Each structure stands twice: as C-alpha cells, then as structure tokens.
Amino acid sequence: TVLVERVEGVCRITLNRPDKLNAVNAAMHTALYAALEAAGRDDAMRAVLLTGAGRAFCAGQDLGDRDPAMAGDPPDLGAILERTYNPLIRLLRALDKPVVCAVNGVAAGAGASLALACDIVLAARSARFIQAFSRIGLVPDSGATWTLPHLVGEARAKGLALTGTPLAAETAADWGLIWGVVADGLLMDEARTLAAELAAGPTVGLGLTKRAIQAAGGNSLDAQLDLERDLQREAGVSADYAEGVSAFLEKRTPAFTGR
Ligand code: LHQ
C-alpha cells in the first residue's frame with residue numbers, strides 16, 4: 001500500500017493503491033505511519049518526499065474499508081481519528097526534517113488534509129483539492145479545519161469546506177494554500193530536485209525553522225521572540241552553522257552534513 005525508496009538523503013514515500021485513487025485503508029495507515037517514523041529516526045534521511053502512484057494523490061479515507069476498525073453500526077469515527085489520522089498528522093508536523101508533498105492528482109478529503117500537513121506542497125497543474133467531507137455529511141478532519149483557515153483565511157476556508165468545490169492547483173497556489181504548481185510531466189523531477197536540495201541543507205536549522213513557524217499560530221510576537229532566541233541558540237552550535245559561515249567567508253559552496 002506504500003512504497004518507500006531512500007535516494008540522495010530523501011525518503012520517498014509513495015501512496016500505492018492507484019486503482020482506489022490511493023484511498024487510505026487500515027493497511028495503508030499502518031505502513032505510512034511506520035515509513036514516516038522510520039524516516040524520522042534515520043539520520044541519513046534528511047528530507048521526506050510524499051506522493052501518490054497513478055492518476056491521484058489520495059482520495060482520503062477508503063469509504064469501503066471493511067477493516068474491524070471501521071466496525072460498529074455506525075462506527076465511532078472519533079475513535080478512528082484518534083487511532084489513525086490524528087497521530088499521523090501529529091507525526092508529520094513533529095518530524096524535524098522537511099517534508100515535501102508532490103500532489104500528482106486529485107487530493108480529496110483526508111487526502112487533501114494530508115497534503116496540507118506537509119511543509120512544502122507542489123501540485124501538478126491538473127491536480128485538484130477537494131474538501132469532500134461536506135458531500136458525505138462529515139467535518140473536515142486530519143487538521144483541515146486548522147490548516148485551511150491558517151493558510152487561506154476564514155472566508156475561503158468556509159467556502160471550500162461548506163461547498164466541497166474542487167480547487168484547481170493554480171488557484172490553490174494563488175491563494176497561498178500551496179507553494180507552487182508544476183506542469184504535470186515535470187512534477188516529479190521538480191519535487192525530487194527540491195527534496196534533494198533540502199536533504200543537502202543544514203538539517204538542524206531547517207528542522208528548527210519548521211518548528212518555529214508552526215509555533216507562530218498559537219504565539220504572541222513576544223513569545224515567538226523568546227522561542228527564536230532558544231532555537232537560534234541551538235542552531236548556533238550546529239556544525240552546519242559553522243560550515244555555512246566558513247563557506248560564505250571563503251566564497252565556496254557549503255558542504256552541510258546535517259549535524
Ligand atoms: C474510492 C475512494 C474512497 C474508496 C475513490 N474510498 N474508494 C476519516 C475517518 C473515518 C471515516 C471517514 O472519513 C474520514 C476522512 C475522509 O477522508 S472523508 C472523505 C473521503 N473521501 C471522499 O469522500 C472522496 C471520494 N472520492 C471521490 O469523490 C472521487 O473518487 C474523486 C473526486 C476523488 C475522484 O473522482 P474520479 O476521478 O471520477 O474517480 P472515481 O470516483 O471513478 O474513482 C476511481 C475509483 O476509486 C473508484 O473505484 P471503482 O472500483 O469504481 O473503479 C472509486 O470508488 C474509488 N475511490 N475514492 N475515498
């Protein structure tokens with residue numbers, strides 16, 4: 001259900017149920033969580049690239065999943081979130097290395113939420129983001145009610161979530177929902193290059209930067225200044241900071257090691 005490749009310091013994770021548009025069933029949940037956890041633990045992996053196989057990125061929860069977890073009439077969706085999507089989104093956000101998401105096709109429901117929980121989202125021009133939850137009577141989940149208003153503001157968040165209108169990749173980029181749009185045929189090359197560049201970067205500093213920006217939503221400027229002081233103290237003793245400054249002064253390209 002999930003393919004994992006380790007290339008150039010990048011852990012490439014591909015959702016792999018193309019005939020079901022990579023809808024997430026219980027097996028995929030387990031595999032995806034394990035792959036991300038392993039990438040987090042592996043010092044040789046300095047960035048993650050998440051994408052989908054086939055014509056879709058991810059159609060969200062597999063609505064036909066007959067896993068025992070979905071048992072009950074009706075099943076307790078809160079318990080399912082607590083056991084599956086919530087830990088997954090928390091893990092992604094807590095990963096102290098950059099996560100690039102290459103949205104190769106439609107991202108619907110929790111599939112859209114999953115993409116938006118990544119750090120840098122590139123989408124193929126033909127991709128669409130669909131807050132499909134309202135179409136089946138559910139609430140946007142997997143962080144979408146937090147990421148959407150943070151990224152695009154309350155008006156657009158409500159418009160998307162209440163109507164379920166598909167959002168074109170181009171508009172998503174114009175609105176600031178994602179980082180960029182790439183021609184379909186170039187998406188994977190560009191996303192792999194970006195992930196490899198990030199993996200060759202000052203990993204400690206990048207991880208701390210991610211943490212600082214994520215904290216901003218819940219902090220005052222005052223609290224954020226304190227946080228920057230603490231994180232900069234950590235970055236300032238990294239080997240990559242010393243290397244970055246030396247390379248600058250010696251007018252050469254830095255060779256970061258991720259430490
Ligand atoms: C699918 C799915 C899918 C199963 C396509 N499941 N098979 C959290 C906790 C617990 C429970 C509930 O939910 C959640 C969070 C959520 O994610 S709720 C939202 C769930 N997702 C959706 O509602 C999206 C459902 N899918 C669609 O609306 C369409 O498939 C989209 C718009 C994504 C793509 O449309 P098309 O390009 O026309 O493709 P298609 O509909 O023909 O799908 C192709 C196949 O994939 C088809 O199977 P089949 O055997 O007929 O070829 C679909 O049944 C299957 N598929 N999404 N979520």
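Data block above holds the structure.
About the cut-offs
Residues numbered from 1 in each chain as written. Predicted model: local features only at pLDDT ≥ 70, side-chain atom pairs only at ≥ 80, totals over all residues. Heavy atoms only, no water. 1 Å grid on protein atoms, 1.4 Å probe; cavity = no way out; pocket = protein on both sides within 12 Å on 5 of 7 lines; lining within 4 Å. Points joined across faces, edges and corners; volume = space filled by probe spheres on them. Helix = DSSP H or I, 4+ residues; strand = E, 2+ residues; numbered from the N terminus. Nonpolar A, V, L, I, M, F, W, Y, C, P; charged D, E, K, R; others polar. Domains from an automatic or database assignment.

## With respect to the layout of surface pockets
- Looking at the largest pocket, its volume works out to about 650 Å³.
- Taken together, 22 residues line the largest pocket, and the ones lying closest to its centre are R93, C118, D119, I120 and I213.
- For the lining of the largest pocket, the leading source of residues is helix α9 (residues 203–216), giving five residues.
- Class assignment for the residues of the lining of the largest pocket results in 13 nonpolar, six polar and three charged.
- There are two domains that each give the lining of the largest pocket at least three residues, and those are domain 1 (2–199) and domain 2 (203–249).
- Reported here for the second largest pocket is a volume of approximately 500 Å³.
- Around the second largest pocket, the lining comprises 21 residues; the ones closest to its centre are Q61, L63, F133, I136 and L138.
- No other element matches helix α2 (residues 77–83), which puts four residues into the lining of the second largest pocket.

## Comments concerning empty space enclosed by the protein
- Throughout the structure, instances matching the rule amount to one cavity of 30 Å³ or more.
- One number sums up the size of the largest cavity: a volume of about 40 Å³.
- Lining the largest cavity are A112, L116, F129, I130, Q131, L148, L160, L167 and L177.
- Among the elements of the structure, α4 (110–116) and β8 (128–130) are those that each provide at least two residues to the lining of the largest cavity.
- For the lining of the largest cavity, the class distribution of residues is eight nonpolar, one polar and no charged.

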